[in-house]
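Examining the three-dimensional arrangement
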Amino acid sequence: MSYLQLENLHRQFGSFKALKGIDISLGEGEFLSLLGPSGCGKTTALRLVAGFDRPNVGRILIEGKDLAGVGPNKRDMGMVFQAYSLFPNMTARQNVEFGLKIRGRDKADRAKRVNDLLELVGLGHAAERYPHQLSGGMQQRVALARALAIEPRVLLLDEPLSALDAKVRVQLREEIRRIQLELGITTLYVTHDQEEALAISDHVAVMYGGVIEQMGTPAEMYTAPKTPFVAEFIGTMNRLEAHVTDGSAGEVEHAGTRLRIDAARGRTDGERVLILIRPETLELQAAGNGAANGNMLTAEVVTQTFLGPVTRVKMTGGLIADMSTARAAALPVGANVVAQVPTEGVQLLTLAADEALPDIGEGT
Amino acid sequence: MRLSRPRMAPSAVVWLLLAGAYFIVPLYATFDFSLKKNAVGAPCCTLHNYGWVIHNGDFWHTIKISFILALETIVISLFLFVPTIYWVHLKVPRLRPVLAFMALVPFVVPPIVMVVGLLKTFKGAPHWFYGTPWGFLATAYVILAFPYTFFSLDAGFRAIDVHTLTEASQSLGATWTTTLFKVILPNIRTAALGAAFLTLAVVMGEFTIANLAAFHTFPIFLQYVNESQGFPAGALTLLSFMITWGAMLSLLLVGRKRGARGAVIAGAR
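Keep in mind the model is a prediction, meaning the values are calculated, not measured.

1. Overview of the overall build of chain A
- Counting secondary structure elements, chain A contains 9 helices and 20 strands.
- Along the first, second and third principal axes, the C-alpha atoms of chain A reach 80 × 45 × 35 Å.
- Look at the contacts in chain A between residues 6 or more apart in sequence, and 64% of them connect residues 24 or more apart.

2. Overview of the domain arrangement of chain B
Residue and element names in this part refer to chain B.
- The domains assigned to chain B are domain 1 (8-46) and domain 2 (51-268).
- Placing the centre of domain 1 and that of domain 2 at their C-alpha centroids yields a distance of 31 Å.
- Contacts between domain 1 and domain 2 engage 7 residues on the former and 6 residues on the latter.
- Partitioning the side of domain 1 that touches domain 2 into residue classes produces 2 nonpolar, 3 polar and 2 charged.

3. Re the interface of chain A and chain B
- The partner chain B presents 23 residues to the 23 residues of chain A that form the contact.
- For the side of chain A that touches chain B, the class distribution of residues is 15 nonpolar, 6 polar and 2 charged.

4. Some thoughts on the pairing of strand β16 (residues 296-306) of chain A
All names here are of chain A.
- Here 5 bridges tie β16 to strand β19 (residues 336-340), and the two strands are oriented antiparallel to one another. In the sheet register, L297 faces β19, and the bridge partner there is A339.
- Bridge analysis of β16 against strand β17 (residues 310-315) gives 5 bridges, and the strand direction is antiparallel. Note that in β17 the partner of V301 across the bridge is M315.
- The hairpin turn running from β16 into β17, its antiparallel successor, is 3 residues long, and G308 in that turn takes a positive phi close to 95 degrees.

5. Let's talk about the environment of N211 of chain B
- The topology assignment puts N211 of chain B in helix α11 (residues 208-212).
- C-beta crowding within 10 Å serves as the criterion here: with 17 such atoms nearby, N211 of chain B is assigned to the partly exposed category.

6. Details of the sheet that holds strand β12 (residues 251-254) of chain A
All names here are of chain A.
- An order of β13-β12-β11-β14-β20 is seen for the 5 strands of this open sheet, with the pairing classed as antiparallel. Either end of the sheet is taken by a strand with one partner, and the two such strands are β13 (257-260) and β20 (347-350). Each adjacent strand pair in this sheet contributes to an overall mean axis angle of 40 degrees, direction not counted.

Conventions and cut-offs
Residues numbered from 1 in each chain as written. Chains lettered and ligands numbered in written order. Predicted model: local features only at pLDDT ≥ 70, side-chain atom pairs only at ≥ 80, totals over all residues. Helix = DSSP H or I, 4+ residues; strand = E, 2+ residues; numbered from the N terminus. Contact = placed C-beta atoms within 7 Å. Domains from an automatic or database assignment. Nonpolar A, V, L, I, M, F, W, Y, C, P; charged D, E, K, R; others polar. Pairing = 2+ DSSP bridges. Buried ≥ 20, exposed ≤ 12 C-beta atoms within 10 Å, placed from the backbone. Axes fitted to C-alpha atoms, helices over the stretch in contact; angles between N-to-C directions.

This is the structure in structure tokens:
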């Protein structure tokens, strides 16, 4: 039986439908990230679970018990917020102790638990500091300790790292995962950062327009996106519109170029499809060196972005390839190149005749 | 190398001195006046008038009434407006401009008009309310002090993240009451104290309403002394001035207590 269950949740604000029926089932001790762009409904879903808001339709169950009518202060949900939420009038220790005091725990028990938790988040030395004496990262660690202090049934994290700088963000997300695994606490994590979600989750649910587009393990989401939006949102993806020219041979045509792709086998001729190719699987070579063996696209290098060991090469036609920095040096901006499209491991999605591609801006 | 302090422009010094004189000269004149004795040929300086004030039973009686009235007004105002403004900030922010407009009404309506209206409104009220300062006058003063209370508290609530603090508190199991008293109030303490002392200053100096409603408060006593005995009035004025300043100073001291700074800084993020 699932531990946390969200059934057909709907939430509407005026005429705006923030959630259009989401279903989530999460086992005890699992870590699920709700991932999506701003306005996709992920925070609304989290607030419904926390009890700060009520669904128009649908149920939230923990261990089979419906939470309808249970106030946020009775739900035993630890929450870490996006904004710094420590009580400014209390020290780190007092903040962590707050929930325990409300639960009437005795003083010795409180002191031990607060010390343990502050040690767990690496802030044993800062227990007597006020929030304004702590950095943003430290404040969020205290907030995490405070949420964990009440031994919550579910830990809810609402973009807790978004206000922090990149290095602290990576460090803290790993700590969150370590602590979550150590305590075996069921966790719902809201983020718009796909890298963050993939790095620390057992499951990822990508949301868009108030619905869950796809839910699965991080590897499934990355290697087998089921919708154009997920393909675009998770990692960087080359998206090439094409149509099937010969389904029996697995041949498609994109912008006048015929490509052989295994995933096209058995498709109907004339079917409109979207070819999804990860940048790291595109092989680039300088045009005219004779090494190419067909199944290729020609383009011109437009920009090169140095990313350390790899360089991201952007080309005309919207093509993107990631290649080793040493090899990319041989393909300067303006160079004519051929991009070898692999026949295997390329995803193909069916597009309805009038379906437009989701635009979520520059690929990340 | 030590950095030299930026020097103040001479024109700024002149303006500072002029502004200082604007406040100091009347005070000094009042002080000088209060040291004189109501007799021809009496020696220049005497503390006789201060002695007269301190040994005057009416002084203690009226100042007690005004102080209790001020405290009552403060308690009623905070009790009414802290939860109201908290709720407006949290749940119905669109009502904030309406409240702000209502708070301006006591500034726009002159006290003399207000007191006439209030006297008519409460004419049939029971004696404990209509006939004592603790009922009628306190009610009028809550209205009169509303602008000060509202704008002080409003600034305090705007300086903190009311939503996040409330939700954080609730997620930890706190009830509304616990959230208000343990989380919200300590973080708007300076604003609440500001509201309290502004109310104190208003009540300690209010004359029109008390006079027309025929209540014997400190400003009425001050006016009576001023009309009947010139020199002691100077001493009385300075003493009441010192009381008000004492109140302001205590606000400053309480406001600088540990934690208050944190509340403001963290809230302002």
